[in-house]
Amino acid sequence: MPPRGNTKSVWGRKKLSLTVLSQRGTRGGLSSQLAYGAWHEAEDVLVSAAGAELALVNQHGKTARIRARRVGGRAVRRLAGRSVLLPAFHSGLATHDPGGDHVIFVAHGPWDLPLIERLKDLRRQASSISVWMPEVWPTDLADKRLLYESYTLLDHLFVGIPEAVEPFKAIVPDVNVRCVPLAADVVIFGTRNIDAKRGIDVLGVGRRHEPQHQAILDWADRNDKLYLYDSVSGTAVDWLDHRYNLANWYRHSKLAVCNYAKHDLPNLIGGIRSIPGRLYEGLAAGSILVGLAPSEEAQRKVLGIPVVESTEQCSLTTVLDKFSDEETTRSERIRNAAMAARGHDWAHRWRVILRDIGMPEPAGLTERIESLGRRADELEMML
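Basis of the calculations
Residues numbered from 1 in each chain as written. Predicted model: local features only at pLDDT ≥ 70, side-chain atom pairs only at ≥ 80, totals over all residues. Heavy atoms only, no water. Helix = DSSP H or I, 4+ residues; strand = E, 2+ residues; numbered from the N terminus. Rg over C-alpha atoms; globule rule 2.2 N^0.38 Å. Buried < 20%, exposed > 50% of the residue type's maximum accessible area, 1.4 Å probe, protein only. Contact = heavy atoms within 4.5 Å. Areas by Shrake-Rupley, 256 points an atom, 1.4 Å probe, with all protein chains shown as cover. Lys, Arg positive; Asp, Glu negative; His and termini not counted. Charge placed at Lys NZ, Arg CZ, Asp CG, Glu CD. pLDDT = per-residue confidence, 0-100. 1 Å grid on protein atoms, 1.4 Å probe; cavity = no way out; pocket = protein on both sides within 12 Å on 5 of 7 lines; lining within 4 Å. Points joined across faces, edges and corners; volume = space filled by probe spheres on them. Nonpolar A, V, L, I, M, F, W, Y, C, P; charged D, E, K, R; others polar. Axes fitted to C-alpha atoms, helices over the stretch in contact; angles between N-to-C directions. Parallel < 35°, antiparallel > 145°, perpendicular 65-115°, else oblique. Left-handed = near helix turned anticlockwise from the far one by under 90°. Disulfide = S-S within 2.5 Å. Phe/Tyr/Trp six-rings, centres within 6.5 Å; stacked < 30°, edge-to-face > 60°. Lys NZ or Arg CZ within 6 Å of the ring centre and 35° of its normal. Salt bridge = Lys/Arg side-chain N within 4 Å of Asp/Glu carboxyl O.

S.K.: Describe the overall build of the protein, with residues and values.
M.R.: In terms of regular secondary structure, the protein is built from 15 helices and 11 strands. The C-alpha atoms of the protein give 21 Å as radius of gyration, which agrees with the globular expectation for 383 residues (21 Å, within 12%). By principal-axis analysis of the C-alpha atoms, the protein measures approximately 65 × 50 × 35 Å. Split into buried and exposed, the 383 residues of the protein put 54% on the buried side. In the protein, the proportion of contacts linking residues at least 24 apart, taken out of those at least 6 apart, comes to 76%. Accessible surface computed for the protein: about 16,500 Å², of which carbon and sulfur atoms make up 50%. For the protein, the separation between the mean place of its 50 positive charges and that of its 46 negative charges on side chains is 6 Å.

S.K.: Could you give an account of the confidence of the model for the protein, naming the residues involved and the relevant values?
M.R.: Looking at the protein as a whole, its pLDDT mean stands at 90, while 92% of the residues score no less than 70. This stretch, residues 1–15, has a pLDDT under 50; its non-local contacts, to residues over four places away or in other chains, come to 39 contacts.

S.K.: Hey, could you go over the layout of surface pockets for me, with residue numbers and the actual values?
M.R.: One number sums up the size of the second largest pocket: a volume of about 360 Å³. Leu30, Lys62, His108, Trp111 and Asp112 are, among the 22 residues lining the second largest pocket, the residues nearest its centre. Within the lining of the second largest pocket, the residues separate by chemical class into seven nonpolar, eight polar and seven charged.

S.K.: Can you tell me about the packing of helix α1 (residues 37–50) against helix α14 (residues 346–356), naming the residues and giving the values?
M.R.: Close contact between α1 and α14 brings their axes to 9 Å; oriented N to C, the two are set at 70 degrees. Our classification of the angle between α1 and α14 gives roughly perpendicular. Seen from above, α1 lies across α14 with right-handed handedness. Only Trp346, Ala347 and Trp350 of α14 make contact with α1, whose side of the interface consists of Ala38, Glu41, Ala42, Glu43, Val45 and Leu46. Of the residues assigned to the contact of α1 with α14, the class counts are seven nonpolar, no polar and two charged.

S.K.: Go over the environment of Trp239, please, and point to the residues and values.
M.R.: Looking at the secondary structure, you find Trp239 in helix α8 (residues 239–251). Sequence separation between Trp239 and Gly37 is 202 residues; the distance between their C-alpha atoms is 5.3 Å.

S.K.: Before we move on, could you go through the state of the cysteines and cite the residues and values that matter?
M.R.: Inspection of every chain in the model, using the stated rule, returns zero disulfides. Cys179 forms no disulfide, and the closest cysteine sulfur to it belongs to Cys258, at a distance of 16 Å. Classification of Cys258 as buried rests on a relative accessible area of 1%.

S.K.: Lay out the packing of aromatic side chains with the relevant residues and their values.
M.R.: Applying the stated criterion to the full structure yields five aromatic pairs. Each residue in the set Trp132, Trp346 and Trp350 is aromatic and connected to the rest through ring pairs, giving one cluster. It is Arg349 that lies over the ring of Tyr280; its NZ or CZ is 5.5 Å from the centre.

S.K.: Mind laying out the pattern of salt bridges, listing which residues take part and the relevant values?
M.R.: For the coordinates displayed, the defined rule picks out 24 salt bridges. Arg300 is the partner of Glu296 in a salt bridge, and the nearest nitrogen-oxygen pair spans 3.0 Å. One end of the pair, Glu296, and the other, Arg300, are both in helix α11 (residues 296–303), four residues apart, so they sit about a helical turn from each other. The partly exposed category is assigned to Glu296, whose relative accessible area is 45%. Taking the relative accessible area as the measure of exposure, Arg300 reaches 42% and is therefore partly exposed. Several salt bridges share partner residues, and in doing so they unite Glu41, Arg243, Arg278 and Glu281 into one network.

Pasting the structure below:
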């Protein structure tokens, strides 16, 4: 398992520090939900491979104190100008104070910015502050009150949804805004043996499309197949244990349901059929991905080719019958696993972010990416 402690590295001749601010330690906030374990997983890759320090924010954005600061900050900036920051009173961290060259905060959206605006030592010591918002939608940015958040703090802003880049640029024209999509820990989710027998016929994890779910249940019953799906929510489980268990499911699955992100929230996504994090997890495991596919354009832009077999062009049972045989889908499974190892590990995403903020690539990050590249070479030789 990846380390959870703090580490420091020396890159080249100059000792540089990199800190990732995490919300994993908050109680009652979004980050306490198991679904956001993927983001903590990304943070741990930065800690273990890049030698980053891990600092924990001790409050989440919905506490009364932070809501009051947000409202007050907006009022002040409406009167005094959008570049004004409220005073920073204390550290607000559950661990040590961050400082040094580069700080990266993983946020749920612009409404989380008061969490770092109040960090006195962060603002005094950090040479650059970057925020990564893995999941913020254009509809989230339509609220005019967001014009008055504390963007002056930021040197770089990274978002996970491509369509959010331009709306954010309109709000913060002086901040570098770039899309950095989701990924997975390919070391954990990657298949150990692409030819190992897979006992799970279909895996369904996360948001459920009820007609699709019922059709798979019926297909599994008729054909004596194993359809494994999550049926309990809110279980008090350690997020890291949850991620390891999920990876084990994927590695033993022939097919994995992969519907476009937030498919059950049309008012939020506004017609965008975006790539979900589940795609990268199934890809790494060498599963065949089926479902309400993300748009072909979105898949081609990030992956080069579409990898999700759409269940909308023909009947779902036809797709399940066609792709449930391990022998006939071997080349697709190898392709998926190699593709993930070649370019869709969290290390590949951190490489982009560190280059953008002007930080030399840590040796550990390079080694991880090169090791995954060798894994991809080995898989491709099997085709």
